[in-house]
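Working through the structure, step by step
This is what each chain is made of:
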Amino acid sequence: MAILTEHSYFEAFAGGSRDGSPAAKFSTGDTVSMNATDLSTNQITEKDFSYACLAIFKSRFLKMEGALAGVCLKSQLRTKVVNLYVWKSLHSCYSWILNSDYRNTVLPYYGGLPIDVKYDVFKVAYVSGDNVLDFKFYPPRLMFENEVQSTEGRDAAQDLERVE
C-alpha cells in the first residue's frame, strides 16, 4: 500500500474477477502485481486518458492467463492509472509481464504519446482476515435451549465448546 499511496489518492475505476465476485480479494501468500501508467504530457484530455486505460484493462484482463482478479484505480490528482492484479502464482505473473508485447498492444491506445509505466510485484505476507474463525452465530435463546442442530448432528453448545 505504501507504493500506491506515494503516488496520490486513487478511486476504483473498473474491475473484474474470474469467479464473478465484485472485488479483487487476496490472501496471505498470494501474488499481487501493480502497474502504474503515468502520462508524461498534457497532449491528451483526462477523459480520453481514462477511456484508454479502461479499454486496456478490459481487453488485457480477459487474456491474462493466471490472473484471478484485477482492479483499475484512477488517480484523483494526476493523469495516472494503477492496475492491481491478483495472480494464481508468481510464475504466471512474471510470464505475463515478460511475454506481453507492450509496444504493439498498449501504446496504440495512447496514440503514440509518451507514457511511463512502472511494475511492482509483491508476495502478500499477511492478511488479518485470514485467521478469523469460521464462527456460526446462533441467537442466544436458541443456544441455551439446544434447539439448533449443527451440520454434524451436535447441538450448538457442543459446537461452541469445540471452537474454544
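Further up the page is the structure itself.
This text gives an overview of the structure that appears in the document.

Conventions used here
- Counting restarts for each chain, with residues numbered from 1 along the sequence as it is written.
- Local features in this predicted model are restricted to residues of pLDDT 70 or higher, and side-chain atom pairs are both shown and tallied only at a pLDDT of 80 or more, whereas totals for entire chains, interfaces and linings draw on every residue.
- The basis for the side-chain values is all heavy atoms of the structure; hydrogens and waters are excluded.
- Numbering of helices and strands starts at the N terminus; helices are DSSP runs of H or I of at least 4 residues and strands are runs of E of at least 2.
- A 1.4 Å probe rolled over the protein chains alone gives each residue an accessible area, and that area as a share of the maximum for its type sets the label: buried under 20%, exposed over 50%, partly exposed in between.
- When we speak of the arc, we mean the arc of directions from the helix axis to the C-beta atoms.
- A contact between two residues is defined here by any heavy atoms of the two lying within 4.5 Å.
- The definition of a nonpolar core used throughout is a set of buried Ala, Val, Leu, Ile, Met, Phe, Trp, Tyr and Cys residues joined through side-chain atoms within 4.5 Å.
- Any two strands between which DSSP finds at least two bridges are classified as paired.
- Cavities and pockets were defined on a 1 Å grid built over protein atoms only: a cavity is a set of grid points that admits a 1.4 Å probe from which the probe cannot escape, a pocket is an open set flanked by protein on both sides within 12 Å along at least five of seven lines, and lining residues are those with an atom within 4 Å of any such point.
- Grid points are joined across faces, edges and corners, and a volume is the space filled by probe spheres set on the points.
- Lys, Arg, Asp and Glu make up the charged group, whereas Ala, Val, Leu, Ile, Met, Phe, Trp, Tyr, Cys and Pro make up the nonpolar group; the residues left over, Gly among them, are polar.

1. Comments concerning the overall build of the protein chain
A count of helices and strands for the protein chain gives six helices and five strands. Seen in sequence order, the protein chain has helices and strands lined up from the N terminus as α-β-β-α-β-β-α-α-β-α-α. Classification of the 164 residues of the protein chain by burial places 39% in the buried group.

2. Remarks on helix 3 (residues 90-99)
Every buried residue of helix 3 is listed here: Ser92, Cys93, Trp96 and Ile97. All buried residues of helix 3 fall inside an arc of 130 degrees around its axis, so they share one side. Facing away from the buried side of helix 3 by more than 90 degrees, the exposed set consists of His91, Leu98 and Asn99. Each element contacted by the buried residues of helix 3 is listed here: strand 2 (31-39), helix 2 (46-61), strand 4 (80-87) and strand 5 (115-123).

3. Quick notes on the nonpolar core
With 23 residues, the main nonpolar core has Leu39, Phe49, Met64, Tyr85, Trp87 and Tyr110 as its most contacted residues. Mapped by element, the contributors of at least two residues to this core are helix 2, strand 3 (67-75), strand 4 and helix 3. Ranked by residues supplied to this core, first place goes to helix 2 with six residues. Residues in contact with Leu39, not counting those within four places in the same chain, are Ile44, Phe49, Thr79, Leu113, Pro114 and Ile115.

4. Quick word on the pairing of strand 2
Burial runs high along strand 2: eight of the nine residues are buried. As judged from the eight bridges shared by strand 2 and strand 4, these two strands associate in the antiparallel manner. Looking at the pairing, Thr37 lines up with Val81 of strand 4. Taken together, the nine bridges between strand 2 and strand 5 define a ladder with antiparallel strand orientation. Bridged to Thr31 within strand 5 is Lys123.

5. Some details on empty space enclosed by the protein
Where empty space is left in the structure can be found by rolling a water-sized probe over the atoms. What the rule picks out here adds up to two cavities of 30 Å³ or more. A volume near 150 Å³ is recorded for the largest cavity. Around the largest cavity sit 16 residues that line it, and Asn35, Arg60, Asn83, Tyr85 and Tyr119 are the ones nearest its centre. Mapped by element, the contributors of at least two residues to the lining of the largest cavity are strand 2, helix 2, strand 4 and helix 3. Looking at the lining of the largest cavity residue by residue, the classes come out as 11 nonpolar, four polar and one charged.

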